[in-house]
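# Observations on the three-dimensional arrangement
For reference, the chains in residue letters:
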Amino acid sequence: MLRLKTPAGYKIAAHSHPTAEYITVLSGNFHIGMGDKFDEAKGIELTAGGFGVAPAGMNHFAWMTSETIIQVHGNGPFTINYVNPADDPSKK
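Below is a summary of the structure that appears in this document. Because the structure is a prediction, the values reported are computed rather than measured. (Residues numbered from 1 in each chain as written. Predicted model: local features only at pLDDT ≥ 70, side-chain atom pairs only at ≥ 80, totals over all residues. Heavy atoms only, no water.)

## Observations regarding the sheet that holds strand β6 (residues 51-54)
Applicable threshold: When DSSP locates at least two bridges between a pair of strands, those strands are taken to pair. Each helix is a run of H or I in the DSSP string that is no shorter than four residues. Each strand is a run of E no shorter than two, and both are numbered from the N terminus. Axes here refer to lines fitted to C-alpha atoms; in helices the fit is confined to the stretch in contact. Angles between the N-to-C directions go from 0 to 180 degrees.
Taken together, four strands build an open sheet; the order of strands is β1-β8-β3-β6 and the sheet is antiparallel. If you trace the sheet from one side to the other, it starts and ends with β1 (2-6) and β6, each paired once. Strand-to-strand twist across the sheet, computed as the mean angle between neighbouring axes with direction ignored, equals 25 degrees. Note that β1 and strand β8 (residues 68-73) share five bridges and pair antiparallel. Bridging from a neighbouring strand, L2 pairs with V72 of β8.

Below you can see the structure in the form of structure tokens.
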């Protein structure tokens, strides 16, 4: 399990995980969409108490429109595989 606090405007590029990811919104406005490319038109908004699932291997992306805190849980180890490796912030 991990908790992530982000500022308004934070974006997470399209990626997948080898295991299912379960997301609970603790505060703020969390948006998630499924697909290989970041596209806000394909997303939904979750607010405090909202819950989302990204199945293992499914490409998805996210963005926040306010300061947001999410809790992510699933089976580890936690791995992120970016669709476009250049989007990986750990490589910048």
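## Let's talk about the nonpolar core
Using the following cut-off: Throughout this description, the term nonpolar core refers to a set of buried Ala, Val, Leu, Ile, Met, Phe, Trp, Tyr and Cys residues connected via side-chain atoms within 4.5 Å. Whether a residue is buried, partly exposed or exposed follows from its accessible area with a 1.4 Å probe, protein chains only, as a fraction of its type maximum: under 20%, in between, or over 50%, in that order. Contact criterion: two residues are considered in contact whenever any of their non-hydrogen atoms come within 4.5 Å of each other.
Counting twelve residues, the largest nonpolar core consists of I12, A13, I23, V25, F30, I32, L46, A62, M64, I70, V72 and Y82. Going through the elements one at a time, β2 (11-16), β3 (21-27), β4 (29-34), β7 (60-64) and β8 are the ones with two or more residues in this core. Apart from residues lying up to four places away in sequence, A62 is in contact with Y10, K11, I12, F30, H31, I32 and F38.

## Quick notes on the side chain of H15
Stated formally: In protein, a polar contact requires one atom able to donate a hydrogen and another able to accept it; more generally it is a pair of N or O atoms within 3.5 Å, and residues adjacent in sequence count only if both atoms are side-chain atoms.
Relative to the elements of secondary structure, H15 occurs in strand β2. One polar contact links the side chain of H15 to the main-chain carbonyl oxygen of A13, over a distance of 2.8 Å. For H15, the side chain forms a polar contact with the side chain of H17, separated by 3.2 Å. If near-sequence neighbours (up to four positions away) are discounted, H15 is found in contact with M58, N59, H60, I80, N81, Y82 and V83.

## Some thoughts on the packing of aromatic side chains
To keep it simple, the criterion reads: In summary, the pairing rule links any two rings of Phe, Tyr or Trp, Trp by its six-membered ring, whose centres are within 6.5 Å, and it sorts them by plane angle into stacked for under 30 degrees, edge-to-face for over 60 and tilted for everything else.
With the rule as written, the count across this model stands at four aromatic pairs. For the ring pair Y22 and F51, a centre distance of 6.4 Å and an interplane angle of 15 degrees mean the geometry is stacked. In this pair, Y22 is assigned in strand β3 and F51 in strand β6, connecting sequence segments 29 residues apart. The class for Y22 is partly exposed, based on a relative accessible area of 30%. Owing to a relative accessible area of 46%, F51 belongs among the partly exposed residues under this scheme. Ring centres of F38 and F61 lie 5.2 Å apart, and the angle between their planes is 45 degrees; this geometry places the pair in the tilted category. Placement of the pair is F38 in the loop between β4 and β5 (43-47) and F61 in strand β7, with a sequence separation of 23 residues. Residue F38 is classed as partly exposed on the basis of its relative accessible area of 31%. By the ring-pair criterion, three or more aromatic residues cluster together here, those being F38, F61 and W63.

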